[in-house]
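Reading the structure
One-letter residues, chain by chain:
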Amino acid sequence: MKLRNLLTLVCASLFTMGAYAQQSEDNIAAEAPAKKEIIKTGLNFGPLPAVAFDADKGFQMGALLNIYNFGDGSTYPNPYSQWYFEASFFTKGSQLFVISYDNKTLIPGVRWSSNFTLTNDKAMDFYGFNGYMAHYDHEQVALGKDKANQDAFIYTPKYRMNRVAVLFKTDFTGNIWNNKLFWEAGYHLSYFKHGYDGKALNLEKINKGKEEYKQFPEGEEPIFDLYRKWGIISEEEAWGGLNSALRLGLLYDTRDKEGAPSRGIWAEAHTTLAPKWLGTSIPYYRYSATFRHYVPIIENDILTFAYRLNYEGTLGKDAPYYVLPYITVMGQSYDRDGMGGYRTIRGIMRNRVQGLDMASYNVELRWRFVNFALFNQNIAFGLSAFSDGTMVTRNFDMTFRGDEQYRAEYDEYMAEGLDKDRPHITVGAGLRFIMNQNFIVAFEYGLPVSKFSKDELIKNQDGNGAFYINTGFLF
């Protein structure tokens, strides 16, 4: 079977499994009796030191605060409103600041969600476009990490760039039918600033503290700078820009609860309209469709089969490259970047897969093996096994548009990659601590299947796997 057909097969299998489980759930004899849960009311505070780890960003140090308002408890475990604050710093040079607010009662009949996010990445992953069409020199990266090898400088900056991203949004959701079908509308404003002093990176900062023989040399150009030289990324959009966009969509939601659902469907489709007249630097139009399904295999949250199917597409022939990595999100969360990483495809390198159109899937089997009450809090621990996958389905234009003197090195680079992308698939497992169905700490490890491929063209092209300590469920 061709690998390009594997993603289609997986998606079809997931729908079949989900439908079968949904039809059979009432006949399962292994259901356990429900335990009475403490109903939370009023304000609940969840301060926590943000000490975590992400293989893409390094160790995280900071603080976060969740504030839940459960009111009279009639909607528990779903809160009336919620605040979220975070300030985090990562050892690989990133900074993250988040302020989020979600309210279901302030505007009668309408849910209002707003978010402000600032990320400052001193060395953000950039591997090029169209997945396996952009070759990743994993052998040179491995040599650069070998401290005993004084003939190989550190090579990871080849696939890094400086980026500052400021994201603001305010979304509104209102009922159309039976509190299951909803309309969505929102305004999203974002600003991206890429590079440093006309180049991809601040090499002085990147090389600081390293032995001279390991420093990334000035004469070696990161992929981002090569793409500029070859005309793949135009100077007009290379350094970022302003996006001012409207989002419109439909939402269908029958989940039993939001924080840790075990039953129901959560599906949405929306368009992003960013015309020039609204203030956007480079106008673009995109769309997104996401289908999530939660099937109880054993009731009372004990064993749940869950999956997510997502498609991110572009209307028209082009979009600025800096909007491509994002999975678009409406509601209380914010857009997640990087097809690869904790919030998208666990186990492959962040931003490894970028294209005009991208398809992805996530599938999990979630087992909550213990539940108990402690200090008037509902506590649970869970294990999960998962598989994630993605691929580019429509390519970003990588044709040569630079000076002819650079064509030979461009041809050499393109010859190392594939003619088109294939599925990037990972497998993994995780452990979760769950408090009051909303506050969740996750420990997960994902491993790319390509690492074990006999095809040298894709072997190790997605990295060596990744470990994450983070919050919440992926979906």
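Before reading further, recall that the structure is shown in the block above.
Here we summarise the structure given alongside this text. All figures in this text were calculated on a predicted structure; none of them were measured in a lab. (Residues numbered from 1 in each chain as written. Predicted model: local features only at pLDDT ≥ 70, side-chain atom pairs only at ≥ 80, totals over all residues. Heavy atoms only, no water.)

Observations regarding the overall build of the protein chain
The helix and strand tally for the protein chain stands at 6 helices and 19 strands. Contacts in the protein chain between residues far apart in sequence, at least 24 positions, make up 68% of those at least 6 positions apart. With an accessible surface of roughly 21,000 Å², the protein chain has 60% of that area assigned to carbon and sulfur atoms. (Helix = DSSP H or I, 4+ residues; strand = E, 2+ residues; numbered from the N terminus. Contact = heavy atoms within 4.5 Å. Areas by Shrake-Rupley, 256 points an atom, 1.4 Å probe, with all protein chains shown as cover.)

Topic: the side chain of T280
Among the secondary structure elements, T280 is positioned in the loop between strand 10 (264-274) and strand 11 (284-298). Note on T280: relative accessible area 2%, which makes it buried. Within polar-contact distance, the side chain of T280 engages the backbone oxygen of S244 at 2.9 Å. Within polar-contact distance, the side chain of T280 engages the backbone oxygen of P275 at 3.5 Å. Those residues in contact with T280 that sit more than four places away from it in its chain are L242, N243, S244, A274 and P275. (Buried < 20%, exposed > 50% of the residue type's maximum accessible area, 1.4 Å probe, protein only. Polar contact = N/O pair within 3.5 Å; in protein donor to acceptor, adjacent residues only side chain to side chain.)

Remarks on the nonpolar core
Here is a general trend for soluble globular proteins: nonpolar side chains tend to be buried in one another's company. Residues F126, F129, Y227 and Y321 are the most contacted members of the largest nonpolar core, which totals 48 residues. Secondary-structure elements contributing two or more residues to this core are strand 6 (110-125), strand 7 (160-177), helix 3 (203-207), helix 4 (223-229) and helix 6 (407-416). Once residues within four sequence positions are removed from consideration, F126 is found in contact with Y159, R160, M161, I223, F224, Y227, I233, Y321 and Q354. F90, I379, M435 and V441 belong to the second largest nonpolar core, which has 13 residues in total. (Core = buried A, V, L, I, M, F, W, Y, C linked by side-chain atoms within 4.5 Å.)

Re helix 6
The complete set of buried residues in helix 6 reads Y410, Y413 and M414. Viewed end-on, helix 6 has its buried residues packed into an arc of 95 degrees, placing them on one side of the element. Exposed positions of helix 6 whose direction lies more than 90 degrees from the buried face are A408, E412 and A415. Elements in contact with the buried residues of helix 6: helix 4. (Arc of directions from axis to C-beta.)

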